[in-house]
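# Summary of the model geometry
Below, each chain spelled out in residue letters.
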Amino acid sequence: MAGNQTLTMIKPETVSKNNIGPVLKQINEAGFRIKAMKFTHLTKQQAGEFYAVHADKNFFEDLTSFMSSGPIVAAILEKENAVADFRELIGATDPLNAADGTIRKLFAESKSRNAVHGSDSDENAITECNFFFSQVERF
Ligand code: UDP
Ligand code: MG
């Protein structure tokens, strides 16, 4: 339902450090329900499509290389006010600026390897959920 869903990715370094479980625990304890979930590995081209809005940024090459460097977990999360509440739960892009107790503060290594993705608007949440999941994959 528009407005109540957001898209997250648990990024490659979080997966490789065996932190999928701890991150999902934080997400569930914050009141988000999982509506769809996929363990997958993006190609560099798919990472570029997902982050197309950043194609002109100097970090785009590093971002798409990193996001295609290993498996990720993609999930649709549902909660009232999902987009804003999830951005609050994950904290600022750079973990140095993330509030105590946020997922990025707890798990991120750096501004580029920052543990998780969260949609930044309802419109982008819909686009990003559709990027990973068909309607029949949502529960
Ligand atoms: N990123 C980076 N360097 C920057 C800004 C962003 O490597 O200076 C990466 C980082 O992984 C971030 C992603 O690009 O999560 C998308 O950037 P955005 O500004 O949308 O941050 P987010 O919405 O993820 O907080
Ligand atoms: Mg963003």
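Residues numbered from 1 in each chain as written. Chains lettered and ligands numbered in written order. Predicted model: local features only at pLDDT ≥ 70, side-chain atom pairs only at ≥ 80, totals over all residues. Heavy atoms only, no water.

## Notes on the pattern of salt bridges
Which entries qualify depends on this criterion: A carboxyl oxygen of Asp or Glu within 4 Å of a side-chain nitrogen of Lys or Arg is what we treat as a salt bridge. Between buried and exposed lies partly exposed: a residue is buried under 20% and exposed over 50% of the maximum accessible area for its type, with that area taken using a 1.4 Å probe on protein chains only.
Throughout the structure, instances matching the rule amount to nine salt bridges. Put simply, Asp-85 and Lys-79 hold a salt bridge, and the shortest N to O gap is 2.5 Å. We note a salt bridge from Lys-105 to Asp-100, for which the minimum N-O separation is 4.0 Å. We classify Lys-105 as partly exposed; its relative accessible area is 36%. Bridged by salt links that share partners, the residues Arg-33, Lys-35 and Glu-78 form one connected network.

## Quick look at the side chain of Glu-128
Keep this limit in mind: Per the convention used, a helix needs a DSSP run of H or I reaching at least four residues, while a strand needs a run of E reaching at least two, with both numbered from the N terminus. When charges are tallied, Lys and Arg are placed among the positive residues and Asp and Glu among the negative ones, while His and the ends of the chain are skipped. Any pair of N or O atoms that falls within 3.5 Å is considered a polar contact. Within protein, one atom must be able to donate a hydrogen and the other to accept it, and sequence-neighbouring residues count only if both atoms are side-chain atoms. The contact rule is simple, with two residues in contact once any of their heavy atoms fall within 4.5 Å.
Locating Glu-128 in the fold gives a position in helix H7 (residues 122–132). Buried within the structure, Glu-128 lacks any salt-bridge partner; Arg-87 is the closest side chain of opposite charge, at an N-O distance of 7.6 Å. A distance of 2.7 Å separates a polar atom in the side chain of Glu-128 from a polar atom in the side chain of Ser-119. In contact with Glu-128, not counting residues within four places along its chain, are Leu-7, Phe-50, His-117 and Ser-119.

## What to know about the sheet that holds strand E2 (residues 33–40)
Rules: Two strands pair if DSSP finds at least two bridges between them. Every angle, taken between N-to-C directions, lies between 0 and 180 degrees, and every axis is a line fitted to C-alpha atoms, over only the stretch in contact when it is a helix.
Strands sit in the order E2-E3-E1-E4 across an open sheet of four strands; the sheet is antiparallel. Since the sheet does not close on itself, it has two edges, and those belong to E2 and strand E4 (116–118), each with one partner. Averaged over all pairs of adjacent strands, the angle between their axes in this sheet comes to 15°, without regard to strand direction. Bridging between strand E1 (residues 5–10) and E4 involves three bridges; their strand directions are antiparallel. Residue pairing across strands places Thr-8 opposite Gly-118, the latter belonging to E4. Sitting on the sheet, H7 touches E1, E2, strand E3 (72–78) and E4, and the angle it makes with E1 is about 55°.

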